[in-house]
Amino acid sequence: MTIRRIAYRLVIVFAAAILQVVVINQIPLPGGHPDLLVLVVVAIALASGPERGAMFGFFAGFVADVLPPAGHIAGRLAFAYTLVGYLAGLLDDPEETSVFTTILVVAAGSATVVLVYSGIGALLGDVRITAHSTIHSLIPTVVYDVVLAPFVVPLVSAVARRLEPAGSR
Amino acid sequence: MRNSRRGRLVLTILLLAAFTLITVDYRSGTLNGVRNVAEDVFGPIEDLVSDVTHPIGSWFSSVGHLGSYKHENQDLKNQIAALQSQLHLSALERSELAQEQKILHLASVAQFRVVAAQVTAIGGGFGTDQTATLNRGSANGIRVNQTVINADGLVGRTITVGRNTSTILLGDDPTFAVGARLSAQQPELGNVQGGGPNKAMTLTLYNTTTKLSVGEDLVTAGDPLYHDQPFVPEVPIGQITSVVPAHLGLSQTALVKPFVDFSAIDIVAIVVNAPKTVKHDSLLPHAPTPAPTVTVTVTTTPGAPGQSSPPPGTTSSTPPASRSSSTSSSP
């Protein structure tokens with residue numbers, strides 16, 4: 001069971017991270033792009049709690065930090081997704097999470113990721129990060145994530161719950 | 001069990017680990033090794049996925065860029081009419097072939113030896129990283145810090161090179177900088193920096209006496225202004241759209257509209273070898289070079305496809321994707 005659970009997480013992280021750069025980022029959407037990984041991190045955290053949410057978030061963030069064509073200081077996304085995985089995990093629910101809660105958590109989660117990622121970048125003196133650029137990636141990212149949330153999150157969560165060993169939380 | 005002590009401990013450890021990664025990578029770039037491994041492992045996977053999804057992406061892209069596609073279609077009809085009669089090509093393949101031909105034409109005018117490649121992946125860090133992955137790597141003769149061009153001009157430079165794929169920094173990234181030269185009439189040197197997605201680039205000129213004017217073209221200087229970023233000379237960068245009035249400063253600045261549409265790059269070429277000097281302004285879109293000269297240059301290019309004798313892996317016109325390999329030998 002554990003092996004299947006880990007395999008599922010590996011597959012879902014790599015699939016989301018690769019789809020993000022190969023497909024999503026190449027679609028010319030106005031303003032920005034949805035962030036598939038935050039949806040996946042929130043989904044797993046809602047299904048399996050803060051501890052595993054944080055671990056999964058760290059792994060997802062690290063993959064996004066080094067997967068080509070990433071070109072920023074590594075660790076920034078790992079930090080942001082760890083935080084979101086933990087916080088979303090605090091709201092975990094052994095049964096189905098309501099769609100309304102899911103959307104709220106996704107909105108808060110994707111805003112947190114953008115702000116933490118940009119904040120660390122600003123501290124490190126990343127010239128790409130300005131107040132203007134942060135707001136311009138914050139709003140579209142949150143909006144697109146909220147739009148995708150009702151489709152992606154319940155699906156990923158449901159599979160994760162089925163693979164979760166009973167009474168492990 | 002929620003919000004347990006163990007949970008908080010795990011969170012603390014992971015955040016510290018992430019913080020350590022940031023510190024290590026920031027101070028020494030030690031994680032470049034990890035990036036190289038990721039490039040070797042995931043680059044080819046991205047290439048595979050891209051082969052499957054590329055038609056979908058280019059459909060979206062064509063909706064977003066209908067205007068330029070119409071224009072492209074016209075060029076296409078003129079350029080590959082002969083091929084059309086012999087080969088059955090999809091619209092996508094034809095568009096790619098036309099792009100590649102235009103790049104090869106540009107490269108042959110400048111006598112650059114180039115490796116054509118296709119963009120497989122874009123972005124990172126919410127689109128704040130203006131980067132892209134290409135489906136060609138060190139096995140094709142590509143190294144770090146080489147100039148990347150397309151038919152319109154300067155696309156960027158390579159930053160991470162794996163065996164079969166490589167990652168490039170695009171010209172609109174704010175960390176991108178290139179030495180630039182004004183048109184041949186007043187060969188002043190300056191520095192052009194990326195301004196972020198869909199924004200103008202910025203030219204900084206350290207000579208305040210030179211008069212900058214709107215509409216002037218900029219090309220890469222090619223001089224070793226930046227020792228770690230040796231761009232090849234004469235690649236078109238963009239056109240000055242507005243001049244910031246200089247007052248009190250030691251430098252003057254201007255906004256530059258890049259020739260390349262960074263949101264729609266598809267087929268590009270990495271310059272693996274270039275002559276020391278290239279004829280001034282010969283690569284600009286409205287180059288003053290008379291057409292017959294161009295034609296002669298093209299036919300006598302030593303690096304032309306089919307007749308080159310470089311070592312294997314550094315051919316001058318590697319086709320960008322396997323699906324067009326059968327059609328992209330000499331036109």
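These numbers come from a predicted model, not from an experiment.

(A) Representation of the overall build of chain A within the structure. On a plain count of helices and strands, chain A comes out with 5 helices and 0 strands. Reading the helices (α) and strands (β) of chain A from amino to carboxyl end gives α-α-α-α-α. Taking 169 residues into account, the globule formula puts the C-alpha radius of gyration at 15 Å, and chain A, at 15 Å, falls close to it. With the C-alpha coordinates aligned to their principal axes, the bounding extent of chain A is approximately 50 × 30 × 30 Å. Here chain A holds 169 residues, and 59% of them are scored as buried. Contacts in chain A between residues far apart in sequence, at least 24 positions, make up 76% of those at least 6 positions apart.

(B) Just the overall build of chain B, in detail. Secondary structure summary: chain B contains 6 helices and 12 strands in total. Across chain B, the fraction of contacts at a sequence separation of at least 24, relative to all contacts at a separation of at least 6, is 64%.

(C) Spotlight on the packing of helix α3 (residues 76–89) of chain A against helix α1 (residues 5–28) of chain B. Two elements in contact, α3 of chain A and α1 of chain B, have axes separated by 8 Å at closest approach and are oriented at 165°. Relative to α1 of chain B, the element α3 of chain A is oriented roughly antiparallel. For the pair α3 of chain A and α1 of chain B, the sense of crossing is left-handed. In this structure, α3 of chain A uses Arg76, Ala78, Phe79, Thr82 and Tyr86 of chain A to contact α1 of chain B, whose residues at the interface are Leu11, Leu14, Leu15, Ala18, Phe19, Leu21 and Ile22 of chain B.

(D) Summary view of the sheet that holds strand β12 (residues 267–273) of chain B. All names here are of chain B. Taken together, 6 strands build a closed barrel; the order of strands is β1-β2-β5-β4-β3-β12 and the barrel is antiparallel. Taking each pair of neighbouring strands and ignoring which way they run, the sheet shows an average axis angle of 45°. As paired elements, strand β2 (residues 131–134) and strand β5 (residues 166–170) share 4 bridges and run antiparallel to each other. Counterpart to Thr131 in the pairing with β5 is Leu169.

(E) Main features of unusual backbone geometry. With an omega dihedral of 5°, the bond running from Pro68 of chain A to Pro69 of chain A counts as a cis peptide bond. Within the secondary structure layout, Pro69 of chain A lies in the loop between α2 (36–66) and α3. Even without a glycine there, the phi angle at Asn198 of chain B is positive, about 55°. With respect to the helices and strands, the residue Asn198 of chain B is situated in the loop between β7 (189–193) and β8 (201–205).

(F) Seen up close, the sheet that holds strand β6 (residues 177–182) of chain B. Residue and element names in this part refer to chain B. If you walk around this closed barrel you meet the 6 strands as β6-β7-β8-β11-β10-β9, and the pairing is antiparallel. Sheet twist, expressed as the average angle between the axes of neighbouring strands with direction ignored, equals 40°. Two strands pair when backbone bridges link them, and strand β10 (residues 236–244) and strand β11 (residues 252–258) are joined in this way by 6 bridges, in the antiparallel orientation. Looking at β11, one finds that Gln239 is bridged to Lys257.

(G) Spotlight on the packing of α3 of chain A against helix α4 (residues 99–123) of chain A. Residue and element names in this part refer to chain A. At a minimum axis separation of 9 Å, α3 and α4 run at an interaxial angle of 150°. With respect to α4, the element α3 is oriented roughly antiparallel. Considering only the axes of α3 and α4, their crossing is right-handed. For the pair formed by α3 and α4, the contact residues are Arg76, Leu77, Phe79, Ala80, Tyr81, Leu83, Val84 and Ala88 on the first element and Val105, Gly109, Thr112, Val113, Val116, Tyr117, Ile120 and Gly121 on the second.

(H) Up close: the nonpolar core. Counting residues in hydrophobic clusters, the biggest one holds 124 residues, and the most contacted among them are Val40, Val41 and Val42 of chain A together with Ala269 of chain B. Counting residues per element, this core draws most heavily on α2 of chain A, at 22 residues. The contacts of Ala269 of chain B, once residues within four sequence positions are left out, are Ile103, Ala107, Val114, Val115, Ala116, Ala117, Ile149 and Asn150 of chain B.

(I) Main features of the confidence of the model for chain B. Residue and element names in this part refer to chain B. Of the residues in chain B, 70% have a pLDDT of 70 or more, and the chain-wide mean is 76. Low pLDDT (under 50) marks residues 288–331, which in the prediction has 63 contacts with non-local residues, meaning those over four places away or in another chain. This prediction of the complex comes with two scores: 0.79 for pTM and 0.89 for ipTM.

(J) Region of interest: the pairing of strand β1 (residues 113–122) of chain B. Residue and element names in this part refer to chain B. Of all 10 residues that make up β1, 10 are buried, and the element is covered over most of its length. For β1 and β12, the ladder comprises 6 bridges, and the chain directions are antiparallel. The residue bridging Arg113 from the neighbouring strand is Asn273, located in β12. In this structure, β1 lies alongside β2, joined through 3 bridges in antiparallel fashion. Bridging across to β2, Val119 finds its partner in Leu134.

(K) Summary view of the interface of chain B and chain A. Across the contact, 55 residues belong to chain B and 45 residues belong to chain A. Elements represented by at least two residues in the side of chain B that touches chain A include exactly α1, α2 (32–64), β1, β2, β4 (153–161) and β5 of chain B. If you tally residues by element for the side of chain B that touches chain A, the top one is α2 of chain B, at 15 residues.

(L) Expanded view of α2 of chain A. Residues and elements named next belong to chain A. Between the first and last C-alpha of α2 there are merely 16 Å, a value that for 31 residues lags more than 12% behind the 45 Å anticipated at 1.5 Å per step. Of all the bends in α2, the greatest reaches close to 145° and is centred on Gly49; the proline Pro50 follows between one and four positions later. In terms of burial, α2 is largely enclosed, as 31 of its 31 residues are buried.

(M) Just the pairing of β5 of chain B, in detail. Counting buried residues along β5 of chain B, 5 of its 5 residues qualify, which places the element largely inside the surrounding structure. In sequence, β4 of chain B turns back onto β5 of chain B through a hairpin of 4 residues.

(N) Seen up close, the environment of Pro275 of chain B. Residue and element names in this part refer to chain B. Looking at where Pro275 falls in the secondary structure, it is placed in the loop between β12 and α6 (291–299). A tally of 13 C-beta atoms within 10 Å means that Pro275 is categorised as partly exposed. Along the chain, Pro275 and Gly179 lie 96 residues apart, while their C-alpha atoms are 17 Å from each other.

(O) Region of the structure containing the environment of Gly29 of chain B. With respect to the helices and strands, Gly29 of chain B occurs in the loop between α1 and α2. Along the sequence, Gly29 of chain B and Leu14 of chain B sit 15 residues apart, while their C-alpha atoms lie 20 Å from each other.

Calculation notes
Counting of residues starts from 1 at the beginning of each chain's written sequence and follows it residue by residue. Labels follow written order: the first chain is A, the first ligand is 1, and so on. In keeping with the predicted nature of the model, local features appear solely for residues at pLDDT of at least 70, side-chain atom pairs appear and are counted solely at 80 or more, and the whole-chain, interface and lining totals rest on all residues. We count a stretch as a helix when DSSP gives it H or I for four or more residues in a row; a strand needs E for two or more, and each element gets its number in order from the N terminus. For the radius of gyration, the atom set is restricted to C-alpha positions; the globular benchmark scales as 2.2 Å times the number of residues to the power 0.38. Using C-beta atoms placed from the backbone, we call a residue buried if 20 or more other C-beta atoms fall within 10 Å of its own, exposed if 12 or fewer do, and partly exposed for counts in between. By definition, residues are in contact whenever their C-beta atoms, placed on the basis of the backbone, come within 7 Å of each other. Structural elements are reduced to axes, namely lines fitted to C-alpha atoms, with helices fitted over the stretch in contact, and the angle between N-to-C directions of any two is expressed from 0 to 180 degrees. Any angle that falls under 35 degrees is termed roughly parallel, while one over 145 is termed roughly antiparallel, one within 65 to 115 roughly perpendicular, and all others oblique. The hand of a helix crossing depends on one turn: near helix anticlockwise from the far one by less than a right angle means left-handed, and clockwise means right-handed. At least two bridges found by DSSP between two strands is the condition for calling them paired. Buried Ala, Val, Leu, Ile, Met, Phe, Trp, Tyr and Cys residues form a nonpolar core when they are connected through C-beta atoms within 7 Å. Each residue carries a pLDDT score, the predictor's confidence in it, ranging from 0 to 100. Helix span, expected: 1.5 Å multiplied by one less than the number of residues in the helix. One fitted axis covers the seven residues ending at a residue, a second covers the seven starting there, and the bend at that residue is the angle between these axes.

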